[in-house]
Amino acid sequence: MTYVMSDIHGMYEKYTKMLELIGFSDDDDMYILGDVVDRGEHSAEILLDMMPRRNVFPVIGNHELMAKTVLDVMFYGEKENQPASIEDMMTDWLRNGGAFTLDSISKLSDTGRRNVIDYLQDFTNYAAIEIDDKIFIMVHSGFDNFRPERKISDYSVQELVFHRPDPDVRYFDDENVYVVSGHLPTLAINGRSDIIHRNGNILIDCGACFENGRLACLCLENMKEFYV
Ligand SMILES: [Mn+2]
């Protein structure tokens, strides 16, 4: 089966409970739509679990985008490609839950830390798969500056991770094309921590790191929903 979850935000216990709940095996695939890190305390543990799994496909979120940029500069001081705004980004990241990730990564050995930071570079900007007659486009937050004729590979990473998802706006006319995204807890849309299916949008961030929130997981073959 093919599963998708998002916005785990350092909640390692919910992550492992979810894998157990769905009976995740080597025959399944799992897409994780970003914001694995920050806010919760166990970001490194989740990344270390994901890393060796060949059937877990990570897609980047705004928190990984910030984390990988800042961590690279902090630990390895790589000056090329260093954005001019790095100090603002660092402050912003630490304030938005990055301090927990920094703490969790600092406890690792040098090799462990290098591997985890390198792994953040493996996160893809988006993923698109076909199941039966349906196409699922999986992206952290949707599309900024959306135009239906624009190729998905032409969007910048920023356009794919900072957009505020709006389930009332349909992206693609083709009713067999679904955009699966996270980023905005559904709690903030309708006050419920349930997956929202609307207008070809599937919003799966159910606020795992918030008090009233849950970690959600969706099976794409049968649309079965799981919550922890
Ligand atoms: Mn996000």
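Scroll up for the structure.
Residues numbered from 1 in each chain as written. Predicted model: local features only at pLDDT ≥ 70, side-chain atom pairs only at ≥ 80, totals over all residues. Heavy atoms only, no water.

## Remarks on the sheet that holds strand E4 (residues 127-131)
An order of E4-E5-E6-E8-E7 is seen for the five strands of this open sheet, with the pairing classed as mixed. Taken across any chain shown, the strands that pair with only one partner, and hence form the sheet edges, are E4 and strand E7 (196-198). Sheet twist, expressed as the average angle between the axes of neighbouring strands with direction ignored, equals 20°. As judged from the five bridges shared by E4 and strand E5 (residues 134-138), these two strands associate in the antiparallel manner. The partner of Ile129 across the bridge, within E5, is Phe136. (Pairing = 2+ DSSP bridges. Helix = DSSP H or I, 4+ residues; strand = E, 2+ residues; numbered from the N terminus. Axes fitted to C-alpha atoms, helices over the stretch in contact; angles between N-to-C directions.)

## Here we look at the side chain of Lys14
Here Lys14 is to be found in helix H1 (residues 12-22). Lacking a salt bridge, the buried Lys14 has Glu13 as its closest oppositely charged neighbour, with an N-O distance of 9.2 Å. Those residues within four positions of Lys14 in sequence are excluded, and the remaining contacts are Ala208, Gly213, Arg214, Leu215 and Val228. (Buried < 20%, exposed > 50% of the residue type's maximum accessible area, 1.4 Å probe, protein only. Lys, Arg positive; Asp, Glu negative; His and termini not counted. Salt bridge = Lys/Arg side-chain N within 4 Å of Asp/Glu carboxyl O. Contact = heavy atoms within 4.5 Å.)

## Section: the coordination of the manganese ion
Ideal coordination angles are 109.5 degrees for a metal with four donors arranged tetrahedrally and 90 or 180 degrees for a metal with six donors arranged octahedrally. In this structure, Asp35 (OD), Asn62 (OD1), His140 (NE2) and His183 (ND1) serve as the protein donors to the manganese ion, at separations of 2.1 to 2.2 Å. On the primary sequence, the residues serving as donors to the manganese ion are separated as D-x26-N-x77-H-x42-H. Of this pair, Asp35 sits in the loop between strand E2 (29-32) and helix H2 (43-50) while His140 sits in the loop between E5 and helix H6 (157-161), and the two are 105 residues apart along the sequence. The class of Asp35 is buried, set by a relative accessible area of 2%. (Donors = N, O, S within 2.8 Å, 3.2 Å for Na, K, Ca; no water.)

## Side note on the pattern of salt bridges
Applying the stated rule across the entire model yields ten salt bridges. Across the salt bridge formed by Arg147 and Glu149, the nearest N and O atoms sit 3.4 Å from each other. Note that Arg150 and Glu159 form a salt bridge whose closest N and O atoms lie 2.8 Å from each other. Accessibility assignment for this pair places Arg150 and Glu159 in one class, buried. Each member of the salt-bridge network shares a partner with another, and the members are Arg192, Asp194 and Arg214.

## Quick word on the packing of helix H3 (residues 62-76) against helix H4 (residues 86-106)
The contact between H3 and H4 brings their axes to 9 Å, and the two run at 85°. In terms of orientation, H3 and H4 fall into the roughly perpendicular class. Each of His63, Met66, Ala67, Thr69, Val70, Leu71, Val73, Met74 and Phe75 in H3 lies in contact with H4, whose residues at this interface are Ile86, Met89, Met90, Asp92, Trp93, Asn96, Leu102, Ile105 and Ser106. Partitioned by chemical class, the residues of the contact of H3 with H4 number 13 nonpolar, four polar and one charged. (Parallel < 35°, antiparallel > 145°, perpendicular 65-115°, else oblique. Nonpolar A, V, L, I, M, F, W, Y, C, P; charged D, E, K, R; others polar.)

## A word on the packing of aromatic side chains
Per the counting criterion, the structure on display carries 14 aromatic pairs. Between Phe75 and Tyr76 the ring centres are 6.3 Å apart and the planes differ by 50°, which places this aromatic pair in the tilted class. Note on Phe75: relative accessible area 29%, which makes it partly exposed. Seen from their ring centres, Phe143 and Tyr155 are 5.0 Å apart, and the 50° between their planes marks the pair as tilted. Of the two residues, Phe143 sits in the loop between E5 and H6 while Tyr155 sits in the loop between E5 and H6, which places them twelve residues apart along the sequence. Judged on exposure class, the residue Phe143 and its partner Tyr155 are both buried. Positioned above the aromatic ring of Tyr76, the side-chain terminus of Arg114 is 3.8 Å from the ring centre. (Phe/Tyr/Trp six-rings, centres within 6.5 Å; stacked < 30°, edge-to-face > 60°. Lys NZ or Arg CZ within 6 Å of the ring centre and 35° of its normal.)

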